[in-house]
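Residue strings, one per chain:
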Amino acid sequence: EGLTKEVVVKASAKQAFESWATGEGIKGFLGCESNIELRVGGAYEIYFGGPEVPAADRGSNGCQVLAYVPGEMLAFSWNAPPKFPAERAQRAWVVLTFTPVEPGQTRVRLVHTGFGEDGQWPQVREYFDSAWPRVLEELKKHYEQ
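Residues numbered from 1 in each chain as written. Predicted model: local features only at pLDDT ≥ 70, side-chain atom pairs only at ≥ 80, totals over all residues. Heavy atoms only, no water.

Okay, helix α2 (residues 23-30) next. Within α2 the residues assigned to the buried category are Gly25, Ile26 and Phe29. Projected down its long axis, α2 carries its buried residues within an arc of 95°, all on one side. Looking at the buried positions of α2, the neighbouring elements they touch are α1 (13-21), β2 (33-36), β3 (44-47) and α4 (121-142). (Buried < 20%, exposed > 50% of the residue type's maximum accessible area, 1.4 Å probe, protein only. Helix = DSSP H or I, 4+ residues; strand = E, 2+ residues; numbered from the N terminus. Arc of directions from axis to C-beta. Contact = heavy atoms within 4.5 Å.)

Here is the structure:
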């Protein structure tokens, strides 16, 4: 079963989408480097660790854009953290939708699904169950400054 998390941000749907769909956007709210090629099959890599972390373990290495509708939806494959090597070698996926609630406010809905059931998948799901709300809170704070 997937995870669903939501937040309402003080931004247009276009702005909220660009926060996730561009390297500048990711750096703006998460403060980290990334490699994002906004095209189906393009890279969707966010690098959370600094130079002391091996390159292969810095983030969503090898993940890709699966689909997108500018300003409305972004889907990408997503991997588990390095501490779950077997699960990291597989991929789940994330679908973000951006829905205007009123002028200047957008509901960002994140659905993370495709988790396996064996091995350490339950721990991976638990990890993201607590990680995604923190990520969405950073997005919200970014637009309240």
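Turning our attention to the sheet that holds strand β7 (residues 105-113). Strand order in this open sheet of five strands is β1-β7-β6-β5-β4, and the pairing throughout is antiparallel. Looking at which strands have only one partner, the edges of the open sheet turn out to be β1 (3-9) and β4 (65-69). On average, each strand axis in the sheet is inclined to that of its neighbour by 15°, with strand direction left out of account. Note: β4 against strand β5 (residues 73-78), four bridges, orientation antiparallel. Paired with alanine 67 across the bridge in β5 is alanine 75. Along the sheet face, α1 touches β1, β4, β5, β6 (92-102) and β7 and points at about 160° away from the line of β6. Here α4 sits on the sheet in contact with β1, β5, β6 and β7, set at roughly 10° to β1. (Pairing = 2+ DSSP bridges. Axes fitted to C-alpha atoms, helices over the stretch in contact; angles between N-to-C directions.)

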